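As a plain string of letters, each chain reads:
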Amino acid sequence: MPLVDGEMMSPEDAMAANLCPECGRDLRKVNPVAHRKSHWHRRPNDDVDGQEGLKRMKMLDDFIVKNNVRTSDQPKPDAPNAAPVA
Ligand SMILES: [Zn+2]
């Protein structure tokens, strides 16, 4: 359960605010793909104990897909703040 500003926040509320469902980090300020790896080096178990981790991992996956996060540091060619091609 993420801790945001000293308050426990549900993973759903965290995601709605673009915060990591695991730790509450602002996903707009970190690389979500690298951040995902920092939490889950491997897939959580499918057993009861792993269900909550799996759920949060999938929420973060959805964020990565929904926000079209690229796995490289290269700027998107069509991004408004992309460096002009020389
Ligand atoms: Zn996190």
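Attention in this report is confined to the structure presented alongside it. (Residues numbered from 1 in each chain as written. Predicted model: local features only at pLDDT ≥ 70, side-chain atom pairs only at ≥ 80, totals over all residues.)

So, about the overall build of the chain. Assigned secondary structure in the chain consists of 3 helices and 2 strands. Evaluated residue by residue, the chain yields a buried proportion of 14% over its 86 residues. Partitioning the intrachain contacts of the chain with sequence separation of at least 6 by distance along the chain shows that 31% fall at a separation of at least 24. (Helix = DSSP H or I, 4+ residues; strand = E, 2+ residues; numbered from the N terminus. Buried ≥ 20, exposed ≤ 12 C-beta atoms within 10 Å, placed from the backbone. Contact = placed C-beta atoms within 7 Å.)

So, about the packing of helix H2 (residues 32-39) against helix H3 (residues 48-66). Each pair of packed helices gets described by two things: the angle between the helix axes and the distance between those axes. Look at H2 against H3: their axes get within 10 Å of each other, and the N-to-C directions meet at 170°. As far as their axial angle goes, H3 and H2 are roughly antiparallel. Facing Pro32, Val33 and Arg36 of H2, the residues of H3 in contact are Leu60, Phe63 and Ile64. Looking at the contact of H2 with H3 residue by residue, the class counts come to 5 nonpolar, no polar and 1 charged. (Axes fitted to C-alpha atoms, helices over the stretch in contact; angles between N-to-C directions. Parallel < 35°, antiparallel > 145°, perpendicular 65-115°, else oblique. Nonpolar A, V, L, I, M, F, W, Y, C, P; charged D, E, K, R; others polar.)

Here we take up H3. With 19 residues, H3 should reach 27 Å at 1.5 Å per residue; the first-to-last C-alpha distance of 27 Å fits that figure. Asn68 occupies a position one or two residues after H3 and carries a positive phi of about 55°. (Expected span 1.5 Å × (residues − 1).)

Attention shifts here to the environment of Pro2. Mapped onto the elements, Pro2 comes out in the segment before strand S1 (3-4). A tally of 20 C-beta atoms within 10 Å means that Pro2 is categorised as buried. Considering only alpha carbons, one finds Pro2 and Cys23, 21 residues apart in sequence, at a separation of 4.2 Å. Beyond its immediate chain neighbours, meaning those up to four positions away, Pro2 contacts Met9, Pro11, Ala14, Leu19, Cys20, Pro21, Glu22, Cys23 and Gly24.

Turning next to unusual backbone geometry. A negative phi holds for most residues other than glycine; trans holds for most peptide bonds. Positive phi, normally seen in glycine, also occurs at Asp5, with a value near 50°. Relative to the assigned elements, Asp5 resides in the loop between S1 and strand S2 (7-8). Residue Asp5 is classed as exposed on the basis of its 6 C-beta neighbours within 10 Å. For Asn18, which is not glycine, the phi torsion reads 60° and is therefore positive. With respect to the helices and strands, the residue Asn18 is situated in the loop between helix H1 (11-16) and H2. Asn18 gets classed as partly exposed once you count the C-beta atoms within 10 Å, which come to 14.

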